[in-house]
Amino acid sequence: MSVRLAIAGISVAALFAAALPHFDGLVSVRAIAHTDHVFAAGEPGDPKKPFRVVEITMTDGPGTMSYSPDKIQVRKGEQIKFVLKNTGYLPHEFLLDSFENNAKHKIEMAKNPEMEHDDPNGKRLESKKSAEILWRFTTAGTFEFACLIPGHYETGMKGVIVVK
Ligand SMILES: [Cu+2]
C-alpha cells in the first residue's frame, strides 16, 4: 500500500514537471499571436475613475467602410469609454494601437482572417452589435484605431486619436 502511494506521488510530480514547460509555451505563443503587446496607446481604464464617453459608429455600404468619427482628440491621462456600434452588414473590429503595431497586426490578420479579438484594446463586432472599451491614454502622441479584417482598412476603416 505504501509502495503504491509512493509511486502515485512520483507520477503526480512527474506530471507537473512535464506540464509546466508546456503551460509556459502556450502563454507565450498566445502573447505573440496577439501582437507582442505592451499596449502602445496607454492602458486599460479604471471604471471607478471618471471617464468621457465617445461613441463610434462602424458602417459599410457599396464600396465604403468607415468609422464615425474618425478623428478624436484626448488629453494625456484622460479616460475614454468607447461605445462601439456596428451599424453595418459585415463584421468589423476596432483595434486601438500604434500605427506600427496595427501595421504588423494587419499582416498577421491577412494570414489568419478569422482571428477574433476580444482584448482590452480591441473588439470584433458582428453586424448590429455593440461593445465598450474603457481606456486610459497615458502617452502623448498620435495613435490609430483600425479594422484589420482583410480589405477593410484599405476601404477606409481607420481613424486617428491625438493625445496631447
Ligand atoms: Cu471592418
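Residues numbered from 1 in each chain as written. Predicted model: local features only at pLDDT ≥ 70, side-chain atom pairs only at ≥ 80, totals over all residues. Heavy atoms only, no water.

### Points about the overall build of the protein chain
1) Next: Across its full length, the protein chain carries 3 helices and 11 strands.
2) Next: Listed by position from the N terminus, the elements making up the protein chain come as α-β-β-β-β-β-β-α-β-β-β-β-α-β.
3) Next: In the protein chain, which comprises 164 residues, the share counted as buried stands at 35%.
4) Next: Accessible area of the protein chain: about 9600 Å², with a carbon and sulfur share of 63%. (Helix = DSSP H or I, 4+ residues; strand = E, 2+ residues; numbered from the N terminus. Buried < 20%, exposed > 50% of the residue type's maximum accessible area, 1.4 Å probe, protein only. Areas by Shrake-Rupley, 256 points an atom, 1.4 Å probe, with all protein chains shown as cover.)

### Quick word on the coordination of the copper ion
1) Next: Looking at the copper ion, one finds its protein donor set to be His92 (ND1), Cys147 (SG), His152 (ND1) and Met157 (SD), positioned 2.0 to 2.6 Å from the metal centre.
2) Next: Read N to C, the donor residues that coordinate the copper ion are spaced as H-x54-C-x4-H-x4-M. Taken as a pair, His92 in strand β6 (residues 92-97) and Met157 in the loop between α3 (152-155) and β11 (158-163) lie far apart in primary sequence, 65 residues in all. Take His92 and Met157: they sit in the same class, and that class is buried. (Donors = N, O, S within 2.8 Å, 3.2 Å for Na, K, Ca; no water.)

### Re the sheet that holds β11
1) Next: Read across the sheet, 6 strands follow the order β4-β11-β10-β6-β8-β7 without closing on themselves; strand pairing throughout is mixed. Looking at strand neighbours, the two that pair on one side only are β4 (71-74) and β7 (118-119), the edges of this open sheet.
2) Next: The sheet contact formed by β6 and strand β8 (residues 122-125) spans 4 bridges and is antiparallel. Each bridged residue has a counterpart across the sheet, and for Leu95 the counterpart in β8 is Gly122. (Pairing = 2+ DSSP bridges.)

### A closer look at the environment of Ala110
1) Next: Inspection of the secondary structure assignment puts Ala110 in helix α2 (residues 99-111).
2) Next: When its relative accessible area of 52% is taken as the criterion, Ala110 is described as exposed.
3) Next: Taking the C-alpha atoms as reference, Ala110 lies 8.2 Å from Leu148; in sequence the two are 38 residues apart.

### A few points about the pattern of salt bridges
1) Next: Scanning the model with the defined rule gives 12 salt bridges in all.
2) Next: Its salt-bridge partner being Glu126, residue Arg124 comes within 3.8 Å of it at the nearest N-O pair.
3) Next: The exposure class assigned to Glu126 is partly exposed, which follows from its relative accessible area of 40%. (Salt bridge = Lys/Arg side-chain N within 4 Å of Asp/Glu carboxyl O.)

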